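# Descriptive analysis of the structure
Okay, here's what each chain looks like letter by letter:
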Amino acid sequence: MSDRQRMTGALAVDLGEGREIKHGERAGQIRYTRPPRAVYACLLCQTQEGPVEGPETVRRFVATVRAVHAARCTAGTTTERTAA
């Protein structure tokens, strides 16, 4: 890494464990024995967003967590902030 790049956050996603339903009305869907989970840790302000659980919730969380957290990060405003 150069002097201007640094890791400012860590997004951890556990994809869960499940099996695809092969027959019936729910064919093609996943039956989870362990649902997906996600958590975001900010290394600047030492706070955490999440954890969240469930396939749709995790999908929305991953898509928006960096922007959502940047808006409320208590580490102060910086133009060099880049999410990990």
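Every value quoted in this text rests on a predicted model; they were computed, and no experiment measured them.

Here is what the cut-offs are and how they apply
Residues numbered from 1 in each chain as written. Predicted model: local features only at pLDDT ≥ 70, side-chain atom pairs only at ≥ 80, totals over all residues. Heavy atoms only, no water. pLDDT = per-residue confidence, 0-100. Contact = heavy atoms within 4.5 Å. Salt bridge = Lys/Arg side-chain N within 4 Å of Asp/Glu carboxyl O. Helix = DSSP H or I, 4+ residues; strand = E, 2+ residues; numbered from the N terminus. Buried < 20%, exposed > 50% of the residue type's maximum accessible area, 1.4 Å probe, protein only. Polar contact = N/O pair within 3.5 Å; in protein donor to acceptor, adjacent residues only side chain to side chain. Pairing = 2+ DSSP bridges. Axes fitted to C-alpha atoms, helices over the stretch in contact; angles between N-to-C directions. Patch = residues over 30% accessible without salt bridge, like charges linked within 9 Å, V, L, I, M, F, W, Y side chains within 5 Å. Areas by Shrake-Rupley, 256 points an atom, 1.4 Å probe, with all protein chains shown as cover. Disulfide = S-S within 2.5 Å.

Attention now goes to the confidence of the model for the chain. Caution applies to low-pLDDT parts of the model: their predicted coordinates are not meant to be read in detail. A residue-level look at the chain finds 86% of positions with pLDDT of 70 or above and a mean pLDDT of 85. Confidence drops under pLDDT 50 across residues 78-84; counting only partners more than four residues distant or on other chains, this segment forms 15 contacts.

Turning our eyes to something else, we now look at the pattern of salt bridges. Enumeration over the complete set of coordinates arrives at five salt bridges. The residue D14 makes a salt bridge to R34 at a minimum N-O spacing of 3.0 Å. Taken together, the positions of D14 in strand 1 (residues 9-14) and R34 in strand 3 (residues 30-34) put the pair 20 residues apart, joining distant regions of the chain. On the basis of relative accessible area, R34 is assigned to the partly exposed category, the value being 33%. Sharing partners across several salt bridges, the network here consists of D14, E17, R34 and R37.

Another point: the environment of T64. With respect to the secondary-structure elements, T64 resides in helix 1 (residues 55-72). Within the local environment of T64, its side chain forms a polar contact with the backbone oxygen of R60, the two atoms lying 3.0 Å apart.

Let's shift gears to the sheet that holds strand 5 (residues 48-53). Whether parallel or antiparallel, the strands of a sheet pair through hydrogen bonds between backbone atoms. Read across the open sheet, the three strands follow the order 1-4-5; overall the sheet is antiparallel. The open sheet is flanked by strand 1 and strand 5, the only strands paired with a single partner. Taking the axes of each pair of neighbouring strands and ignoring which way they run, one obtains an average angle of 5° across the sheet. Bridge analysis of strand 4 (residues 37-42) against strand 5 gives four bridges, and the strand direction is antiparallel. Of the residues in strand 5, the one forming a bridge with Y40 is E49.

For the rest of this paragraph, the subject is a nonpolar patch on the surface. On the surface, a nonpolar cluster with roughly 260 Å² of combined accessible area is contributed by V13, L15 and V62. Mapped onto the elements, V13 comes out in strand 1.

Our focus in this paragraph is unusual backbone geometry. Put simply, G50 and P51 share a cis peptide bond, and its omega is 10°. Although it is not a glycine, Q46 adopts a positive phi angle of roughly 60°. Relative to the helices and strands, Q46 is located in the loop between strand 4 and strand 5. On the basis of relative accessible area, Q46 is assigned to the exposed category, the value being 61%.

What follows is about the state of the cysteines. Across all of its chains, the model carries zero disulfides by this definition. In this structure C42 is a free cysteine whose sulfur lies 3.6 Å from that of C45, the closest cysteine sulfur available. The thiol of C73 is unpaired, and the distance to the nearest cysteine sulfur, on C45, comes to 3.6 Å.

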